[in-house]
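# Descriptive analysis of the structure
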Amino acid sequence: MGTVSTSSNLYALPSWPAGARTAFGATANCSNAPLTPGGKVTLTQFVSRGFDYDHSCI
């Protein structure tokens, strides 16, 4: 993504990373770095039995 300056519209946006394989993994992903500086991971996603699920980090 490159460098995101504090004046960018992307700065401080919430992140919701996908890719966990379990609910436990999704919970652990809440502590990952956000996609952009100043942001916060607010939601993570995981797949179980062929369905996508969301996990709130808030």
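Here the structure is a predicted model, which means the values were calculated and not measured. (Residues numbered from 1 in each chain as written. Predicted model: local features only at pLDDT ≥ 70, side-chain atom pairs only at ≥ 80, totals over all residues. Heavy atoms only, no water.)

Tallied over the full model, the rule gives 1 disulfide. In this model, Cys-30 is linked to Cys-57 through a disulfide, with the two sulfur atoms separated by 1.9 Å. What sets the handedness of the Cys-30 and Cys-57 disulfide is the S-S torsion sign, and at about -75° it is left-handed. One end of the pair, Cys-30, is in the loop between helix 1 (23–29) and strand 2 (40–41); the other, Cys-57, is in the segment after strand 4 (51–56), and 27 residues separate them in sequence. (Disulfide = S-S within 2.5 Å. Helix = DSSP H or I, 4+ residues; strand = E, 2+ residues; numbered from the N terminus.)

This part is about the pairing of strand 4. With 0 of its 6 residues buried, strand 4 lies for the most part at the surface. Taking the residues between adjacent antiparallel strands as the criterion, strand 3 (residues 43–48) and strand 4 are bridged by 2 residues, where Arg-49 takes a positive phi near 55°. (Buried < 20%, exposed > 50% of the residue type's maximum accessible area, 1.4 Å probe, protein only. Pairing = 2+ DSSP bridges.)

Next up on the list: the confidence of the model for the protein chain. Here the protein chain averages 92 in pLDDT, while 98% of its residues score no lower than 70. Within the protein chain, the element-level pLDDT minimum falls on strand 1 (residues 14–15), averaging 94, and the maximum on helix 1, averaging 97. (pLDDT = per-residue confidence, 0-100.)

We now examine the environment of Val-41. Within the secondary structure layout, Val-41 lies in strand 2. Separated by 22 residues in the primary sequence, Val-41 and Gly-19 have C-alpha atoms spaced 14 Å apart. Every residue in contact with Val-41, bar those within four places of it in the chain, is listed here: Ser-15, Pro-17, Asn-29, Cys-30, Asn-32, Ala-33, Pro-34 and Cys-57. (Contact = heavy atoms within 4.5 Å.)

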